[in-house]
Amino acid sequence: MRVIVAGVGYRNLRDHSIGVEVADRLETTTWADDVVVEDLSYNPIAVVQRLEDEPPEQRFQRVVVVGAVERRGRPPGTVAAYRWDGVLPADEEIQRAVTEAVTGVIALDNTLVVTRHFGALPDEVVVVEVEPAVQEFGDTFSEVVGRQLDGVCELVRLLATRGDAVEQLPCAPLGGPTAITSTS
Amino acid sequence: MCFKNLPIEFDAQGKPYLRAGVANPYAPTTTVPRGAPAQLTAENVEQLLRRNGFIKELDFDPVTRVAGALAFHTVADFNSRKVIEARSMATLFRGYEVIMVGRDPRDAIYITSRACGVCGGVHSVTSAMAIEMAIGCVPPPLGILIRNIALALEFLYDHPLHLHLLAGPDYSAAMVGPTNPSLLARARSAEAPHAEVHGFRTIGELMDDLNPLSGKLYLEALHMTRIAREAYVLICGKYPHPQTIVPGGMSSTITLSVMNEMFTRLAQFFDYSKKLTAIWDDLTDFFYTANPAYKQVGSRRAHMIDSGIFDHHEAYDATYANAAAWGERRWATPGVIVDGELVTTDLHRLNIGVEEFVEHSYYEEWSGNGQRQRFPSDPAGHPLSPYHPWNKVTKPRPQGQNWKEKYTWDTAPRWDRQSMEAGAYARLWNTAVARKLPANPFIESTGTSLKLRLPKGALPEMEIEWKVPAVWNAFERNRGRAYCTAFTALVALNNWMAAMDRLRLGDTRTSTPFEIPKRGEQLGVGFWGAGRGYLTHHLVLDRGAVANYQIVTPSTWNASPTDRWRQPGPYEEAVLNTPLLEETNDPQRFKGIDILRAIRSFDPCMPCTTHIHSDAGVITREVNTCACGIDEDGA
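All chains use their own residue numbering, which begins from 1 and follows the written sequence. Key to labels: chains lettered from A, ligands numbered from 1, both in the order written. Totals for whole chains, interfaces and linings use all residues, but because this is a predicted model, local features are given only for residues with pLDDT of at least 70 and pairs of side-chain atoms are given and counted only at 80 or more.

### Details of the overall build of chain A
No. 1: Each helix and strand in chain A was counted, giving seven helices and six strands.
No. 2: Secondary structure of chain A in N-to-C order comes out as β-α-β-α-β-β-α-α-β-α-α-α-β.
No. 3: Relative to its length of 184 residues, chain A is compact, with a C-alpha radius of gyration of 15 Å against a globular reference of 16 Å.
No. 4: Seen through its C-alpha atoms, chain A measures out along the principal axes to roughly 45 × 35 × 30 Å. Strands are runs of DSSP state E lasting at least 2 residues, helices are runs of H or I lasting at least 4, and numbering of each runs from the N terminus. Radius of gyration here is computed from C-alpha atoms only, and the compact-globule reference equals 2.2 Å multiplied by the residue count raised to the power 0.38.

### What to know about the overall build of chain B
No. 1: Of the regular secondary structure elements, chain B holds 20 helices and 18 strands.
No. 2: The C-alpha atoms of chain B give a radius of gyration of 24 Å, which matches the 26 Å a tight globule of 635 residues would have.
No. 3: Considering only C-alpha atoms, chain B reaches an extent of 65 × 65 × 50 Å along its principal axes.
No. 4: In this scheme the burial state of a residue depends on its C-beta neighbours within 10 Å: 20 or more other such atoms mean buried, 12 or fewer mean exposed, and anything in between means partly exposed; the C-beta positions come from the backbone. Burial statistics for chain B: of 635 residues in total, 57% are counted as buried.
No. 5: Pairs at least 24 residues apart make up 75% of the contacts formed inside chain B by residues separated by at least 6 positions. Here the contact rule is simple: place C-beta atoms from the backbone, and any two residues whose C-beta atoms are within 7 Å are in contact.

### Concerning the sheet that holds strand β1 (residues 3-7) of chain A
All names here are of chain A.
No. 1: Should DSSP find at least two bridges between two strands, the strands are taken to pair. Read from one edge to the other, the open sheet built from six strands follows the order β2-β1-β3-β5-β4-β6, with strand pairing classed as mixed. Since the sheet does not close on itself, it has two edges, and those belong to β2 (35-39) and β6 (171-172), each with one partner.
No. 2: Lying on the sheet, helix α1 (residues 18-27) is in contact with β1, β2, β3 (62-68) and β5 (124-130); it crosses β1 at an angle near 135°.
No. 3: To get an axis, a line is fitted to the C-alpha atoms, and for a helix only the part in contact is used. The angle between two axes follows their N-to-C directions and goes from 0 to 180 degrees. Taken strand by strand, helix α4 (residues 108-117) contacts β3, β4 (79-84) and β5, and its axis lies near 155° from that of β3.

### Section: the pairing of strand β5 (residues 82-90) of chain B
Residue and element names in this part refer to chain B.
No. 1: Burial runs high along β5: seven of the nine residues are buried.
No. 2: Of the pairings in the sheet, the one linking strand β4 (residues 70-77) to β5 comprises eight bridges and is antiparallel in character. From the neighbouring strand, alanine 71 faces β5, where its bridge partner is methionine 89.
No. 3: Here β4 folds back onto β5, and the loop between the two strands holds four residues, one of which, arginine 81, carries a positive phi near 55°.

### Brief notes about the interface of chain B and chain A
One widely used convention gives an interface's size as the accessible area the parts lose upon coming together.
No. 1: If you look at the interface, chain B gives 19 residues, while chain A gives 16 residues.
No. 2: For the side of chain B that touches chain A, the secondary-structure elements that each account for two or more residues are α4 (141-167) and α9 (216-236) of chain B.
No. 3: At four residues, α9 of chain B tops the list of elements feeding residues into the side of chain B that touches chain A.
No. 4: A per-class count over the side of chain B that touches chain A returns 12 nonpolar, four polar and three charged. Note that Gly is not counted as nonpolar here; it falls among the polar residues with everything else outside the nonpolar set of Ala, Val, Leu, Ile, Met, Phe, Trp, Tyr, Cys and Pro and the charged set of Asp, Glu, Lys and Arg.

### A look at unusual backbone geometry
All names here are of chain B.
No. 1: The peptide bond linking aspartate 61 to proline 62 adopts the cis configuration, its omega dihedral lying at 0°.
No. 2: As for its position among the elements, proline 62 is in the loop between β3 (55-60) and β4.
No. 3: Phi is positive for arginine 435, which is not a glycine, with a value near 55°.
No. 4: Judged by C-beta crowding, with 13 C-beta atoms within 10 Å, arginine 435 ranks as partly exposed.

### Side note on the environment of arginine 481 of chain B
Residues and elements named next belong to chain B.
No. 1: Of note, arginine 481 is situated in helix α15 (residues 474-504).
No. 2: Separated by 323 residues in the primary sequence, arginine 481 and aspartate 158 place their C-alpha atoms 9.9 Å from one another.
No. 3: Excluding anything up to four places from it in sequence, arginine 481 contacts His159, His162, Leu163, Ala424 and Tyr425.

### Structural notes on the sheet that holds β5 of chain B
All names here are of chain B.
No. 1: Reading across from one edge, β3-β4-β5 is the order of the three strands in this open sheet, with antiparallel pairing throughout. Both outer strands of the open sheet, β3 and β5, are each paired with one neighbouring strand and no more. Geometrically, the sheet is characterised by an average inter-axis angle of 15° between neighbouring strands, direction not taken into account.
No. 2: Here six bridges tie β3 to β4, and the two strands are oriented antiparallel to one another. Note on β4: the bridge partner recorded for isoleucine 55 is aspartate 77.
No. 3: Seen against the sheet, helix α1 (residues 42-51) touches β3, β4 and β5 and runs at an angle of roughly 125° to β5.

### Notes on helix α3 (residues 91-102) of chain A
No. 1: The terminal C-alpha atoms of α3 of chain A, which comprises 12 residues, lie 16 Å apart, in line with the 16 Å expected from a rise of 1.5 Å per residue.
No. 2: Buried within α3 of chain A we find Ala97, Val98, Thr99, Glu100, Ala101 and Val102 of chain A.
No. 3: Close packing links the buried residues of α3 of chain A with α2 (44-52) and α4 of chain A together with α4 and α9 of chain B.
No. 4: In the segment just after α3 of chain A, glycine 104 of chain A is the residue with positive phi, at about 105°. A helix's residues, less one, multiplied by 1.5 Å, set its expected span.

### Here we look at helix α18 (residues 593-600) of chain B
Residues and elements named next belong to chain B.
No. 1: With respect to burial, α18 is a largely interior element, seven of its eight residues being buried.
No. 2: When we look at burial in α18, the residues that qualify are Asp594, Ile595, Leu596, Arg597, Ala598, Ile599 and Arg600.
No. 3: Each element contacted by the buried residues of α18 is listed here: β3, β4, β5, α4, α15 and α17 (570-576).

### Some remarks on the packing of α9 of chain B against helix α10 (residues 256-266) of chain B
All names here are of chain B.
No. 1: Direction vectors running N to C along α9 and α10 enclose 165°, while the axes themselves pass 9 Å from each other. It follows from the interaxial angle that α9 and α10 lie roughly antiparallel. As α9 packs across α10, the resulting crossing turns out to be left-handed. Residues Ile227, Glu230, Ala231, Leu234 and Ile235 of α9 lie in contact with α10, whose contacting residues are Val258, Glu261, Met262, Arg265 and Leu266.
No. 2: Here the residues of the contact of α9 with α10 sort into seven nonpolar, no polar and three charged. Any angle that is under 35 degrees is reported as roughly parallel, and any over 145 degrees as roughly antiparallel; angles of 65 to 115 degrees are reported as roughly perpendicular and all others as oblique. Crossings are sorted by hand: turned counterclockwise from the far helix by less than a right angle, the near helix makes the crossing left-handed, and turned clockwise it makes it right-handed.

### So, the packing of α1 of chain A against helix α6 (residues 149-161) of chain A
Residue and element names in this part refer to chain A.
No. 1: Contact pair α1 / α6: the axes reach a minimum separation of 10 Å and the direction vectors enclose 65°. Once α1 is placed against α6, the crossing between them reads as right-handed. Taking contact as the criterion, the partners of Ile18, Glu21, Val22, Arg25 and Leu26 in α1 are, on α6, Leu149, Val152, Cys153, Val156 and Arg157.
No. 2: For the contact of α1 with α6, a count of residues per class yields seven nonpolar, no polar and three charged.

### Here's the deal with the nonpolar core
No. 1: By convention the nonpolar core is taken to be a set of buried residues drawn from Ala, Val, Leu, Ile, Met, Phe, Trp, Tyr and Cys and joined through C-beta atoms within 7 Å. Grouped together as the largest cluster of nonpolar side chains are 239 residues, with contacts concentrated most on Val64, Val128 and Val156 of chain A together with Ile149 of chain B.
No. 2: Take this core: its biggest share by element is 17 residues, from α4 of chain B.
No. 3: Apart from residues lying up to four places away in sequence, valine 156 of chain A is in contact with Val5, Val22, Leu26, Val64, Val66 and Val128 of chain A.

### Let's talk about the confidence of the model for chain B
No. 1: Values of pLDDT, ranging from 0 to 100, describe the predictor's confidence in every residue of the model. Looking at chain B, pLDDT values average 91 and 94% of them are 70 or higher.
No. 2: In the predicted complex, the global pTM is 0.93; the interface-specific ipTM is 0.90.

Given below as structure tokens:
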């Protein structure tokens, strides 16, 4: 099974850089040939085109996406992992996501919505979200998010390589339940 | 006469000076714009709303399908189907000008690029040019040529994106059907005059393929953005924030292979441009014929400003002293158009006429109260206003929205105290009328039009002609942008050919070494353009560090608020002139499509528009000032 591990976020934006940082760290480690690690922190339309560039017989069958996302009611530092149910919002929302995509906004939800809408994602999409504490310029994480970094890297590695681990995750909408959740 | 409002006159050599005997020439009470439209006062509008049930408020927050955060407030008279008040609100608080203060000027190339997620390259180049002027560094010919090509490619990303992803859906079956069913019915049987070029037999079919998300034109535009992006990264390293722009040229290595790779992508825009112009000609003519009132949608005075772009590689010397000369040799002529007449192509005159006002913006005044005006004249000795960007100090002051007071993060730039519009079409208009184009086989400036000869591709070679329009409105903005795609592709082709000539001569040098002076004070300005038009960066260097940095973007002009003389900004003026042609009076079903067409025709880009200051020199927070609650705070 070909798997792509994708970090999504901005560089130098403290907690919002965790997706990029995880991708950077994992990219330098050893993987089996069928796992690719990339920073997909760019225009989601270009991400669609990147994923579609794979030859049909080599298209990715699982995507593990990692990044910081602000969700209501979740303490900073929370790590949530789930299989995305792939349900898209209304067309108007998808249009908004495309507008943001082509005008330079990089966000995990947008990337997933746009790539799903244009058929670039495989059925198996695993999302690993981290609730950020701060959004400001800087190259360090807040304490609560920084504490999670090693664990997130381990979790992503597990989900990229172990189908049985993925199967244990709940299937949920974007931002959905927190089956593997940690705030410690 | 160049200036009608500011008391600036010219001596026999054409050098500007302030008219004698005017005690305080730039005081708002001394120099008042004449003949400009004026917004109703907030009190007038309040009274009208109280007394008439058919007058209603319509708020668009956010305006969707635009880049960044724009909200728009209108008050409409549903009996006469007119807009009686229009307020444009940049709702996002961002910051570049003061982030730059105290930094090494080279940082500007990378930091200001982040002002926009579409056109980062234009900011990088404009800042590089401001630095070049300040430190006296001239790029070699190949550096200038490659820079031109890079930016042309950026526009070839930008124009299709706007035409078929952002503005295009306003003319799609999915939008026209619900708002104007009789118009869509008519479109179904209206033959498209240019079917042999674009492939759509009827206007209805064309509208179907403008549908968002699924229409073929929408999807094709997404694909074309990839082609432009691929060509761009060959010379810029990455998109949208290039890594190869430097003061004194480009750091890219240019080889025959790079040039060929680039050409195979550029060439795809020749046919695409034929198709785009045919589509927007047919759409525009259909709407005009179906209902001539569409000519009023988004209409305003043809008041435009453009700083010009694409330097001639044998003319540009990076000096302010010669800016008027090298400016006029650009592939897109700089200029100012007032009421449809070109009044100057001289970058000095353009520059000294620019002022920025903050009467209705969330900033404090920096002029008056006895403060010293830092630069009473430009480096050539021409008079400068205390409100000129070189004299401006950015002093943000967040507060509640109030139409009498402040309601936007955008400032109000004015030229000769008039509300000017920027856009790709201003680039065409100046170039068509000025007749100063470099000699070339593909583009001809006739004085009233631009003839564009597009090479053969899958479609035959074709000459298309953009004519200065008789009316100025939303449709002409879109049509102009379609023609500007062809113009841009041909500018790129001319520069590509010239670059190949340089390579044949063995000239591969793309940049000039430079040093940042560590002593004294230097001024620079980058006169360039974004896909959306006018772009300037004004720089003051002091002992090697940035002492002041001011950016004026096309959307700073276009989204500007009403000024201290009640003169509306361009979006506001265009919306005030827009008739409500939607086929419903039911507020529940009313979409405000004509108002949205008017606004979107400008290709709003709000991330570039607003720039903040914080005492620490870094962004410490972002404030999104929502348009809700206007009633409570407003007058």
